[in-house]
Amino acid sequence: MTSEKPKVDMEKIVSLCRRRGFIFPSSEIYGGLNSCWDYGPLGVELKKNIKDAWWQTIVRERDDVVGLDSSILMNPRVWEASGHLVNFTDPLVDCKSCKQRFRADHLQSDKCPSCGGELTESRRFNLMFKTFMGPVEDDAAIVYLRPETAQGIFVNFQNVLGTTRKRLPFGIAQLGKVFRNEITTGNFIFRDREFEQMELEYFVKPGTDEKWFDYWLEQCLAWYVNLGIKREHLLLREHDKKELSHYSRRTVDIQYLFPMGWDELQGIANRGDFDLTQHSRFSGKSLEYFVEETKEHFTPYVIEPSAGVDRSVLAFLCEAYAEEPDPSASLGDARDKSLRTGKDETRVVLHFHPSLAPFKAAVLPLSRKEPLVKMASEVYAGLRKGQMTAYDDAQSVGRRYRRQDEIGTPFCITVDFQSLEDNQVTIRDRDSMNQIRVPVAELQKTLAAKLAGEAFLVLPPGGTVVEKKGG
Ligand code: GAP
(Lines give C-alpha, C1' and ligand atoms only; values in the text may rest on other atoms or scores of the structure.)
Protein backbone atom coordinates (compact mmCIF):
# COMPACT_ATOMS: atom_id res chain seq x y z
CA MET A 1 0.00 0.00 0.00
CA THR A 2 1.24 3.46 -0.83
CA SER A 3 0.36 6.74 0.90
CA GLU A 4 -1.22 9.64 -0.91
CA LYS A 5 -0.61 12.52 1.44
CA PRO A 6 2.87 14.09 1.60
CA LYS A 7 4.26 14.18 5.12
CA VAL A 8 5.23 17.84 5.19
CA ASP A 9 4.98 21.13 3.27
CA MET A 10 8.02 22.19 1.29
CA GLU A 11 8.00 25.64 3.00
CA LYS A 12 8.59 24.00 6.38
CA ILE A 13 11.56 22.02 5.09
CA VAL A 14 13.06 25.03 3.28
CA SER A 15 12.62 27.20 6.35
CA LEU A 16 14.14 24.65 8.73
CA CYS A 17 17.07 24.08 6.38
CA ARG A 18 17.72 27.83 6.16
CA ARG A 19 17.22 28.51 9.88
CA ARG A 20 19.38 25.70 11.19
CA GLY A 21 22.15 25.77 8.60
CA PHE A 22 21.40 22.73 6.47
CA ILE A 23 21.02 24.46 3.09
CA PHE A 24 21.43 28.06 1.87
CA PRO A 25 20.78 29.60 -1.56
CA SER A 26 24.03 29.76 -3.54
CA SER A 27 25.83 33.13 -3.44
CA GLU A 28 22.93 34.49 -1.38
CA ILE A 29 24.49 37.89 -0.63
CA TYR A 30 24.38 38.60 -4.38
CA GLY A 31 20.75 37.55 -4.69
CA GLY A 32 21.44 33.84 -5.22
CA LEU A 33 21.85 31.79 -8.39
CA ASN A 34 18.83 29.92 -9.70
CA SER A 35 18.78 26.22 -8.77
CA CYS A 36 22.22 26.15 -7.15
CA TRP A 37 22.46 25.52 -3.39
CA ASP A 38 25.09 25.58 -0.67
CA TYR A 39 25.11 22.95 2.05
CA GLY A 40 25.81 24.52 5.45
CA PRO A 41 27.47 22.96 8.50
CA LEU A 42 24.61 20.52 9.18
CA GLY A 43 23.71 19.91 5.54
CA VAL A 44 27.23 18.93 4.61
CA GLU A 45 27.23 16.31 7.39
CA LEU A 46 23.83 14.93 6.36
CA LYS A 47 24.85 14.78 2.73
CA LYS A 48 28.19 13.15 3.56
CA ASN A 49 26.46 10.57 5.76
CA ILE A 50 24.10 9.68 2.90
CA LYS A 51 27.00 9.32 0.48
CA ASP A 52 29.00 7.28 3.02
CA ALA A 53 26.01 4.99 3.65
CA TRP A 54 25.66 4.42 -0.10
CA TRP A 55 29.39 3.80 -0.60
CA GLN A 56 29.44 1.41 2.36
CA THR A 57 26.50 -0.64 1.00
CA ILE A 58 27.38 -0.56 -2.68
CA VAL A 59 31.19 -0.73 -2.63
CA ARG A 60 32.74 -1.63 0.70
CA GLU A 61 30.41 -4.42 1.78
CA ARG A 62 30.48 -6.10 -1.62
CA ASP A 63 33.07 -8.23 -3.31
CA ASP A 64 31.70 -7.60 -6.80
CA VAL A 65 31.80 -3.77 -6.91
CA VAL A 66 34.78 -1.41 -7.00
CA GLY A 67 34.88 2.39 -6.84
CA LEU A 68 36.03 5.08 -9.25
CA ASP A 69 36.47 8.85 -9.20
CA SER A 70 36.80 10.05 -12.79
CA SER A 71 37.21 13.66 -13.89
CA ILE A 72 34.28 15.97 -14.58
CA LEU A 73 35.81 17.30 -17.80
CA MET A 74 36.30 14.60 -20.41
CA ASN A 75 37.35 14.37 -24.02
CA PRO A 76 34.35 15.81 -25.96
CA ARG A 77 34.29 12.69 -28.15
CA VAL A 78 32.87 10.89 -25.09
CA TRP A 79 29.64 12.87 -25.46
CA GLU A 80 29.46 12.23 -29.19
CA ALA A 81 29.78 8.51 -28.58
CA SER A 82 27.37 8.43 -25.66
CA GLY A 83 24.72 10.20 -27.73
CA HIS A 84 24.46 13.13 -25.33
CA LEU A 85 25.42 15.74 -27.94
CA VAL A 86 22.43 14.78 -30.06
CA ASN A 87 19.97 13.22 -27.64
CA PHE A 88 20.41 14.86 -24.25
CA THR A 89 17.80 17.48 -24.99
CA ASP A 90 14.48 18.71 -23.70
CA PRO A 91 11.77 20.30 -25.88
CA LEU A 92 11.79 24.05 -25.23
CA VAL A 93 9.14 26.70 -25.94
CA ASP A 94 9.24 30.47 -25.33
CA CYS A 95 6.32 32.71 -24.49
CA LYS A 96 6.05 35.43 -27.16
CA SER A 97 4.60 37.90 -24.63
CA CYS A 98 6.43 37.48 -21.30
CA LYS A 99 9.50 35.73 -22.78
CA GLN A 100 9.53 32.98 -20.16
CA ARG A 101 10.78 29.54 -21.21
CA PHE A 102 9.12 26.22 -20.51
CA ARG A 103 9.62 22.54 -21.14
CA ALA A 104 7.01 21.68 -23.77
CA ASP A 105 6.46 18.22 -22.27
CA HIS A 106 5.59 19.77 -18.89
CA LEU A 107 2.79 22.01 -20.23
CA GLN A 108 -0.90 21.27 -19.82
CA SER A 109 -2.08 23.57 -22.66
CA ASP A 110 -0.67 25.36 -25.72
CA LYS A 111 -0.76 28.76 -23.93
CA CYS A 112 1.85 30.28 -21.60
CA PRO A 113 1.10 29.02 -18.04
CA SER A 114 2.35 32.33 -16.63
CA CYS A 115 0.51 34.98 -18.73
CA GLY A 116 -1.65 33.00 -21.15
CA GLY A 117 0.37 34.33 -24.11
CA GLU A 118 1.16 32.54 -27.35
CA LEU A 119 4.07 30.06 -27.36
CA THR A 120 6.75 29.52 -30.02
CA GLU A 121 7.21 26.22 -31.85
CA SER A 122 9.00 23.66 -29.69
CA ARG A 123 12.73 23.17 -30.36
CA ARG A 124 15.33 20.82 -28.88
CA PHE A 125 17.54 22.33 -26.20
CA ASN A 126 20.75 20.52 -25.16
CA LEU A 127 21.16 20.35 -21.40
CA MET A 128 24.94 20.06 -21.30
CA PHE A 129 26.92 23.03 -19.96
CA LYS A 130 29.78 24.04 -22.24
CA THR A 131 33.06 25.69 -21.37
CA PHE A 132 36.46 26.17 -23.01
CA MET A 133 39.66 24.37 -22.20
CA GLY A 134 42.85 26.43 -22.50
CA PRO A 135 43.28 30.09 -23.40
CA VAL A 136 41.55 30.09 -26.81
CA GLU A 137 37.77 30.27 -26.83
CA ASP A 138 37.00 28.59 -30.15
CA ASP A 139 35.05 25.50 -31.18
CA ALA A 140 38.10 23.28 -30.95
CA ALA A 141 38.46 24.16 -27.25
CA ILE A 142 34.89 23.28 -26.22
CA VAL A 143 34.53 20.82 -23.37
CA TYR A 144 31.40 19.85 -21.45
CA LEU A 145 30.65 19.58 -17.76
CA ARG A 146 29.50 15.97 -17.39
CA PRO A 147 25.73 15.53 -17.12
CA GLU A 148 26.07 12.04 -15.59
CA THR A 149 28.93 10.21 -13.87
CA ALA A 150 28.22 7.03 -15.85
CA GLN A 151 30.36 7.84 -18.89
CA GLY A 152 33.49 8.11 -16.74
CA ILE A 153 32.83 4.52 -15.74
CA PHE A 154 32.30 3.22 -19.28
CA VAL A 155 35.48 4.79 -20.63
CA ASN A 156 37.43 3.22 -17.75
CA PHE A 157 35.89 -0.25 -18.19
CA GLN A 158 39.08 -1.86 -19.55
CA ASN A 159 41.33 0.00 -17.06
CA VAL A 160 39.36 -1.34 -14.13
CA LEU A 161 38.95 -4.82 -15.58
CA GLY A 162 42.66 -5.07 -16.31
CA THR A 163 43.83 -3.82 -12.93
CA THR A 164 41.33 -5.56 -10.65
CA ARG A 165 40.96 -8.84 -12.59
CA LYS A 166 37.24 -8.83 -11.74
CA ARG A 167 35.03 -11.38 -13.47
CA LEU A 168 31.45 -10.84 -14.62
CA PRO A 169 29.11 -9.96 -13.07
CA PHE A 170 30.82 -7.01 -11.45
CA GLY A 171 30.17 -3.31 -11.00
CA ILE A 172 31.94 0.04 -10.91
CA ALA A 173 30.47 2.70 -8.65
CA GLN A 174 31.02 6.42 -8.78
CA LEU A 175 29.78 9.36 -6.78
CA GLY A 176 30.22 12.96 -7.83
CA LYS A 177 29.07 16.29 -9.20
CA VAL A 178 27.16 16.59 -12.45
CA PHE A 179 25.71 19.59 -14.27
CA ARG A 180 22.56 20.06 -16.33
CA ASN A 181 21.25 23.27 -17.80
CA GLU A 182 17.68 22.40 -16.82
CA ILE A 183 14.94 24.51 -18.44
CA THR A 184 12.55 24.41 -15.53
CA THR A 185 13.98 24.15 -12.07
CA GLY A 186 12.51 24.51 -8.63
CA ASN A 187 11.09 22.56 -5.75
CA PHE A 188 14.11 23.46 -3.63
CA ILE A 189 16.92 20.92 -4.15
CA PHE A 190 14.76 18.56 -6.21
CA ARG A 191 15.80 19.87 -9.63
CA ASP A 192 19.14 21.63 -9.68
CA ARG A 193 21.58 22.72 -12.34
CA GLU A 194 24.53 21.47 -10.27
CA PHE A 195 23.97 18.31 -8.23
CA GLU A 196 25.53 15.03 -7.20
CA GLN A 197 24.82 11.52 -8.35
CA MET A 198 25.54 8.08 -6.87
CA GLU A 199 25.78 5.68 -9.80
CA LEU A 200 26.57 2.03 -10.24
CA GLU A 201 27.23 0.43 -13.61
CA TYR A 202 26.86 -3.31 -13.09
CA PHE A 203 28.26 -5.36 -16.01
CA VAL A 204 26.59 -8.69 -16.73
CA LYS A 205 26.51 -11.40 -19.34
CA PRO A 206 23.79 -10.70 -21.96
CA GLY A 207 20.81 -12.89 -21.20
CA THR A 208 21.25 -12.51 -17.43
CA ASP A 209 20.40 -8.79 -17.53
CA GLU A 210 16.71 -9.10 -16.63
CA LYS A 211 17.49 -11.12 -13.53
CA TRP A 212 20.10 -8.56 -12.41
CA PHE A 213 17.73 -5.70 -13.12
CA ASP A 214 15.20 -7.17 -10.67
CA TYR A 215 17.97 -7.84 -8.15
CA TRP A 216 19.20 -4.23 -8.19
CA LEU A 217 15.70 -2.82 -8.00
CA GLU A 218 15.17 -4.75 -4.78
CA GLN A 219 18.57 -3.72 -3.40
CA CYS A 220 17.89 -0.06 -4.08
CA LEU A 221 14.47 -0.14 -2.44
CA ALA A 222 15.93 -1.91 0.59
CA TRP A 223 18.64 0.75 0.94
CA TYR A 224 16.08 3.54 1.41
CA VAL A 225 13.89 1.45 3.69
CA ASN A 226 16.84 0.39 5.87
CA LEU A 227 17.71 4.06 6.32
CA GLY A 228 14.24 4.97 7.53
CA ILE A 229 12.04 5.67 4.49
CA LYS A 230 8.68 3.96 4.85
CA ARG A 231 7.95 1.51 2.05
CA GLU A 232 4.54 3.12 1.49
CA HIS A 233 6.31 6.39 0.70
CA LEU A 234 8.09 4.72 -2.24
CA LEU A 235 6.57 3.73 -5.55
CA LEU A 236 7.88 1.98 -8.67
CA ARG A 237 7.13 3.55 -12.05
CA GLU A 238 7.92 1.69 -15.25
CA HIS A 239 8.88 3.92 -18.22
CA ASP A 240 6.83 3.21 -21.29
CA LYS A 241 8.69 2.62 -24.57
CA LYS A 242 8.21 6.21 -25.83
CA GLU A 243 9.83 7.88 -22.84
CA LEU A 244 12.87 5.59 -22.54
CA SER A 245 16.24 7.39 -22.78
CA HIS A 246 18.14 6.79 -26.01
CA TYR A 247 20.37 4.20 -24.31
CA SER A 248 17.77 2.32 -22.30
CA ARG A 249 16.04 -1.01 -22.95
CA ARG A 250 14.07 -0.73 -19.71
CA THR A 251 13.86 1.87 -16.93
CA VAL A 252 12.02 1.81 -13.63
CA ASP A 253 11.96 4.89 -11.40
CA ILE A 254 11.78 4.67 -7.65
CA GLN A 255 9.50 7.54 -6.75
CA TYR A 256 9.18 9.18 -3.35
CA LEU A 257 6.17 11.03 -2.00
CA PHE A 258 7.84 14.48 -1.98
CA PRO A 259 5.92 17.52 -0.65
CA MET A 260 4.85 18.37 -4.23
CA GLY A 261 3.69 14.78 -4.87
CA TRP A 262 5.16 11.56 -6.23
CA ASP A 263 8.36 12.13 -8.19
CA GLU A 264 11.58 10.43 -9.20
CA LEU A 265 14.11 9.70 -6.49
CA GLN A 266 16.24 7.30 -8.50
CA GLY A 267 16.20 5.38 -11.74
CA ILE A 268 17.25 1.82 -12.55
CA ALA A 269 18.02 1.29 -16.23
CA ASN A 270 19.01 -1.62 -18.40
CA ARG A 271 21.48 0.09 -20.75
CA GLY A 272 22.20 -3.13 -22.65
CA ASP A 273 25.52 -2.94 -24.52
CA PHE A 274 24.77 0.56 -25.88
CA ASP A 275 27.55 2.49 -24.13
CA LEU A 276 30.42 0.00 -24.42
CA THR A 277 29.56 -0.60 -28.08
CA GLN A 278 29.45 3.12 -28.84
CA HIS A 279 32.74 3.87 -27.06
CA SER A 280 34.39 0.97 -28.78
CA ARG A 281 33.21 2.24 -32.16
CA PHE A 282 34.25 5.86 -31.51
CA SER A 283 37.59 5.14 -29.80
CA GLY A 284 38.62 2.16 -31.93
CA LYS A 285 39.46 0.25 -28.71
CA SER A 286 37.88 -3.09 -27.96
CA LEU A 287 35.69 -3.02 -24.88
CA GLU A 288 34.74 -6.66 -25.11
CA TYR A 289 34.91 -9.18 -22.33
CA PHE A 290 36.74 -12.48 -22.79
CA VAL A 291 35.77 -15.69 -20.98
CA GLU A 292 38.92 -17.75 -20.66
CA GLU A 293 37.20 -21.08 -20.06
CA THR A 294 34.85 -20.94 -23.06
CA LYS A 295 36.95 -18.61 -25.24
CA GLU A 296 33.85 -16.43 -25.73
CA HIS A 297 34.10 -12.73 -26.59
CA PHE A 298 31.12 -10.44 -26.00
CA THR A 299 30.16 -6.93 -24.97
CA PRO A 300 28.64 -6.99 -21.47
CA TYR A 301 25.22 -5.56 -20.75
CA VAL A 302 24.89 -2.94 -18.04
CA ILE A 303 22.36 -2.53 -15.25
CA GLU A 304 22.49 1.01 -13.89
CA PRO A 305 21.03 2.09 -10.56
CA SER A 306 21.42 5.87 -10.62
CA ALA A 307 20.45 8.00 -7.63
CA GLY A 308 20.56 11.73 -6.95
CA VAL A 309 22.30 12.71 -3.73
CA ASP A 310 20.37 15.97 -3.39
CA ARG A 311 17.02 14.29 -3.98
CA SER A 312 17.99 11.73 -1.33
CA VAL A 313 18.81 14.58 1.07
CA LEU A 314 15.35 16.04 0.41
CA ALA A 315 13.61 12.68 0.80
CA PHE A 316 15.41 11.85 4.06
CA LEU A 317 14.64 15.33 5.42
CA CYS A 318 10.94 15.06 4.55
CA GLU A 319 10.68 11.54 5.89
CA ALA A 320 12.37 12.48 9.17
CA TYR A 321 10.30 15.61 9.77
CA ALA A 322 7.61 15.51 12.47
CA GLU A 323 5.71 17.94 14.64
CA GLU A 324 4.79 16.29 17.91
CA PRO A 325 3.15 17.26 21.18
CA ASP A 326 5.67 18.64 23.64
CA PRO A 327 5.01 16.92 26.97
CA SER A 328 7.25 19.25 28.95
CA ALA A 329 5.19 22.32 28.03
CA SER A 330 2.15 21.12 29.96
CA LEU A 331 4.06 19.41 32.74
CA GLY A 332 3.01 20.89 36.05
CA ASP A 333 5.25 18.92 38.34
CA ALA A 334 8.58 19.06 36.58
CA ARG A 335 11.30 19.33 39.17
CA ASP A 336 13.39 21.32 36.80
CA LYS A 337 11.53 24.36 35.42
CA SER A 338 14.17 24.70 32.74
CA LEU A 339 12.74 21.57 31.12
CA ARG A 340 9.65 23.53 30.15
CA THR A 341 9.69 25.32 26.87
CA GLY A 342 6.94 27.76 27.73
CA LYS A 343 3.86 28.31 25.57
CA ASP A 344 5.00 26.28 22.59
CA GLU A 345 3.33 22.89 22.91
CA THR A 346 4.77 21.35 19.78
CA ARG A 347 8.25 20.06 19.20
CA VAL A 348 9.74 19.78 15.72
CA VAL A 349 11.82 16.62 15.40
CA LEU A 350 13.91 15.15 12.63
CA HIS A 351 13.72 11.42 13.27
CA PHE A 352 16.82 10.66 11.20
CA HIS A 353 18.28 7.18 11.17
CA PRO A 354 21.28 7.55 13.55
CA SER A 355 23.77 6.91 10.76
CA LEU A 356 22.41 9.91 8.82
CA ALA A 357 22.04 12.38 11.70
CA PRO A 358 24.57 15.25 11.45
CA PHE A 359 25.35 15.06 15.18
CA LYS A 360 25.09 11.72 16.97
CA ALA A 361 25.06 13.25 20.44
CA ALA A 362 25.03 16.60 22.22
CA VAL A 363 26.58 17.33 25.61
CA LEU A 364 24.51 19.70 27.73
CA PRO A 365 25.99 20.94 31.02
CA LEU A 366 23.21 22.02 33.39
CA SER A 367 25.16 25.15 34.32
CA ARG A 368 28.07 27.23 33.04
CA LYS A 369 29.74 27.09 36.44
CA GLU A 370 32.90 25.24 37.44
CA PRO A 371 33.52 22.41 38.16
CA LEU A 372 30.54 21.31 36.06
CA VAL A 373 32.00 22.83 32.91
CA LYS A 374 35.27 20.98 33.40
CA MET A 375 33.47 17.67 33.68
CA ALA A 376 31.18 18.40 30.70
CA SER A 377 34.19 19.45 28.60
CA GLU A 378 35.94 16.19 29.40
CA VAL A 379 32.85 14.17 28.49
CA TYR A 380 32.57 16.17 25.25
CA ALA A 381 36.25 15.71 24.36
CA GLY A 382 35.95 11.96 24.97
CA LEU A 383 32.86 11.59 22.77
CA ARG A 384 34.12 13.70 19.89
CA LYS A 385 36.82 11.14 19.15
CA GLY A 386 34.13 8.55 18.46
CA GLN A 387 31.39 10.51 16.69
CA MET A 388 30.15 13.96 15.70
CA THR A 389 29.14 15.56 19.00
CA ALA A 390 27.69 18.98 19.75
CA TYR A 391 28.16 21.04 22.92
CA ASP A 392 25.37 23.38 23.93
CA ASP A 393 25.27 25.39 27.15
CA ALA A 394 22.95 28.23 26.13
CA GLN A 395 19.46 28.68 27.65
CA SER A 396 17.35 26.11 29.51
CA VAL A 397 17.94 22.39 29.08
CA GLY A 398 14.40 22.10 27.70
CA ARG A 399 15.20 24.55 24.94
CA ARG A 400 18.46 22.78 24.23
CA TYR A 401 16.62 19.46 23.86
CA ARG A 402 14.27 21.12 21.38
CA ARG A 403 17.17 22.55 19.39
CA GLN A 404 18.80 19.14 19.14
CA ASP A 405 15.44 17.49 18.27
CA GLU A 406 15.03 19.94 15.42
CA ILE A 407 18.36 18.97 13.86
CA GLY A 408 17.86 15.27 14.51
CA THR A 409 20.49 14.57 17.19
CA PRO A 410 19.60 11.07 18.47
CA PHE A 411 21.00 11.48 22.02
CA CYS A 412 21.51 14.31 24.49
CA ILE A 413 23.85 13.85 27.42
CA THR A 414 23.16 16.03 30.43
CA VAL A 415 25.88 16.69 32.97
CA ASP A 416 24.35 17.94 36.25
CA PHE A 417 25.52 18.64 39.80
CA GLN A 418 24.78 15.06 40.81
CA SER A 419 27.23 13.98 38.09
CA LEU A 420 30.07 15.59 40.12
CA GLU A 421 29.26 13.25 42.99
CA ASP A 422 28.33 9.96 41.35
CA ASN A 423 30.29 10.34 38.08
CA GLN A 424 27.16 9.51 36.09
CA VAL A 425 25.39 11.37 33.29
CA THR A 426 21.86 11.28 31.87
CA ILE A 427 21.25 10.17 28.29
CA ARG A 428 17.99 11.32 26.73
CA ASP A 429 16.58 9.59 23.67
CA ARG A 430 15.31 11.93 20.91
CA ASP A 431 12.46 9.68 19.76
CA SER A 432 10.94 8.32 22.99
CA MET A 433 12.27 11.15 25.20
CA ASN A 434 13.11 8.43 27.75
CA GLN A 435 16.14 9.00 29.91
CA ILE A 436 18.71 6.68 31.42
CA ARG A 437 21.55 7.44 33.79
CA VAL A 438 24.88 5.75 33.13
CA PRO A 439 28.41 5.85 34.61
CA VAL A 440 30.71 8.09 32.58
CA ALA A 441 33.02 5.09 32.14
CA GLU A 442 30.19 3.30 30.27
CA LEU A 443 29.09 6.27 28.17
CA GLN A 444 31.06 5.71 24.98
CA LYS A 445 30.17 2.02 24.80
CA THR A 446 26.52 2.67 25.63
CA LEU A 447 26.23 5.36 23.01
CA ALA A 448 27.86 3.18 20.37
CA ALA A 449 25.39 0.39 21.17
CA LYS A 450 22.38 2.69 20.98
CA LEU A 451 23.60 4.23 17.72
CA ALA A 452 23.92 0.70 16.35
CA GLY A 453 20.27 0.06 17.20
CA GLU A 454 20.19 -1.37 20.75
CA ALA A 455 16.85 -0.67 22.51
CA PHE A 456 17.21 2.54 24.50
CA LEU A 457 16.14 1.12 27.86
CA VAL A 458 18.69 -1.70 27.80
CA LEU A 459 21.08 -0.62 30.55
CA PRO A 460 24.85 -0.88 30.87
CA PRO A 461 26.40 -2.04 34.20
CA GLY A 462 25.54 0.53 36.87
CA GLY A 463 22.84 2.18 34.70
CA THR A 464 19.32 3.13 35.81
CA VAL A 465 16.15 4.34 34.11
CA VAL A 466 15.32 7.92 35.04
CA GLU A 467 11.72 8.56 36.03
CA LYS A 468 10.29 10.60 33.14
CA LYS A 469 10.17 14.27 33.93
CA GLY A 470 9.33 15.51 30.48
CA GLY A 471 11.38 16.94 27.68
N1 GAP B 1 23.14 7.92 -15.70
C2 GAP B 1 21.71 7.90 -15.73
C3 GAP B 1 21.14 9.17 -15.32
O4 GAP B 1 21.83 10.16 -15.17
P5 GAP B 1 18.86 10.32 -14.74
O6 GAP B 1 17.51 9.72 -14.49
O7 GAP B 1 18.97 11.42 -15.73
O8 GAP B 1 19.79 9.10 -15.12
C9 GAP B 1 19.62 9.94 -12.28
O10 GAP B 1 19.45 10.84 -13.35
C11 GAP B 1 19.20 10.59 -10.99
O12 GAP B 1 19.84 11.85 -10.81
C13 GAP B 1 17.71 10.90 -10.90
O14 GAP B 1 16.96 9.79 -10.50
C15 GAP B 1 17.69 12.01 -9.85
O16 GAP B 1 17.73 11.46 -8.55
C17 GAP B 1 18.99 12.74 -10.11
N18 GAP B 1 18.75 13.95 -10.92
C19 GAP B 1 18.55 14.03 -12.24
N20 GAP B 1 18.39 15.32 -12.63
C21 GAP B 1 18.49 16.07 -11.51
C22 GAP B 1 18.43 17.48 -11.25
N23 GAP B 1 18.28 18.37 -12.23
N24 GAP B 1 18.56 17.89 -9.97
C25 GAP B 1 18.76 17.00 -8.95
N26 GAP B 1 18.84 15.67 -9.16
C27 GAP B 1 18.71 15.19 -10.41
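Structure: above.
Below, the structure is looked at part by part.

Analysis parameters
- Residues numbered from 1 in each chain as written.
- Predicted model: local features only at pLDDT ≥ 70, side-chain atom pairs only at ≥ 80, totals over all residues.
- Heavy atoms only, no water.
- Helix = DSSP H or I, 4+ residues; strand = E, 2+ residues; numbered from the N terminus.
- Expected span 1.5 Å × (residues − 1).
- Buried < 20%, exposed > 50% of the residue type's maximum accessible area, 1.4 Å probe, protein only.
- Patch = residues over 30% accessible without salt bridge, like charges linked within 9 Å, V, L, I, M, F, W, Y side chains within 5 Å.
- Areas by Shrake-Rupley, 256 points an atom, 1.4 Å probe, with all protein chains shown as cover.
- Salt bridge = Lys/Arg side-chain N within 4 Å of Asp/Glu carboxyl O.
- Core = buried A, V, L, I, M, F, W, Y, C linked by side-chain atoms within 4.5 Å.
- Axes fitted to C-alpha atoms, helices over the stretch in contact; angles between N-to-C directions.
- Left-handed = near helix turned anticlockwise from the far one by under 90°.
- Contact = heavy atoms within 4.5 Å.
- Nonpolar A, V, L, I, M, F, W, Y, C, P; charged D, E, K, R; others polar.
- Polar contact = N/O pair within 3.5 Å; in protein donor to acceptor, adjacent residues only side chain to side chain.
- Pairing = 2+ DSSP bridges.

Moving on, we get to helix α9 (residues 309-320). Three or four residues apart is the spacing at which side chains of an α-helix point the same way, because the helix has 3.6 residues per turn. If you check α9, its first and last C-alpha atoms are 16 Å apart, about what 12 residues at 1.5 Å a residue would give, namely 16 Å. For α9, the tally of buried residues reaches 12 of 12 residues, placing the bulk of the element in the interior. Within α9, burial applies to Val309, Asp310, Arg311, Ser312, Val313, Leu314, Ala315, Phe316, Leu317, Cys318, Glu319 and Ala320.

A contiguous nonpolar surface patch, about 240 Å² in accessible area, is contributed by Leu366, Phe417 and Leu420. Relative to the assigned elements, Phe417 resides in helix α12 (residues 417-422). Judged by its relative accessible area of 43%, Phe417 falls in the partly exposed class.

Ranked by internal contacts, the top residues of the largest apolar core, which has 67 residues, are Phe22 and Leu317. If you look at the next biggest cluster of nonpolar residues, it comprises 19 residues, including Met375, Leu383, Ile413 and Phe456.

One can describe the packing of helix α10 (residues 372-384) onto helix α13 (residues 440-451) by two numbers: an axis separation of 11 Å at closest approach and a directional angle of 35 degrees. Note that α10 runs across α13; the crossing there is right-handed. Contacts from Met375, Val379, Gly382 and Leu383 in α10 reach Val440, Leu443, Gln444 and Leu447 in α13. By residue class, the composition of the contact of α10 with α13 is 6 nonpolar, 2 polar and no charged.

A few words on the environment of Lys7. Tracing the sequence through the fold places Lys7 in the segment before α1 (10-20). Lys7 sits in the partly exposed class, given a relative accessible area of 37%. Distance from Lys7 to Pro259, taken between C-alpha atoms, is 6.9 Å for residues 252 residues apart in sequence. Excluding anything up to four places from it in sequence, Lys7 contacts His233, Cys318, Glu319, Ala320 and Tyr321. Here the side chain of Lys7 touches Glu319 through a polar contact of 2.6 Å, landing on its backbone oxygen.

A word on the sheet that holds strand β6 (residues 123-126). On the basis of which strands lie adjacent, the open sheet formed by 3 strands has the order β5-β4-β6 and antiparallel pairing. Both edges of this open sheet fall to β5 (101-103) and β6, since each of them pairs with a single strand only. The average undirected angle you get between the axes of adjacent strands in this sheet is 50 degrees. In this sheet, β6 lies alongside strand β4 (residues 89-94) in antiparallel orientation, the contact comprising 4 bridges. What sits directly across from Leu92, in β6, is Arg123.

Function-wise, these values are silent; they only describe arrangement.
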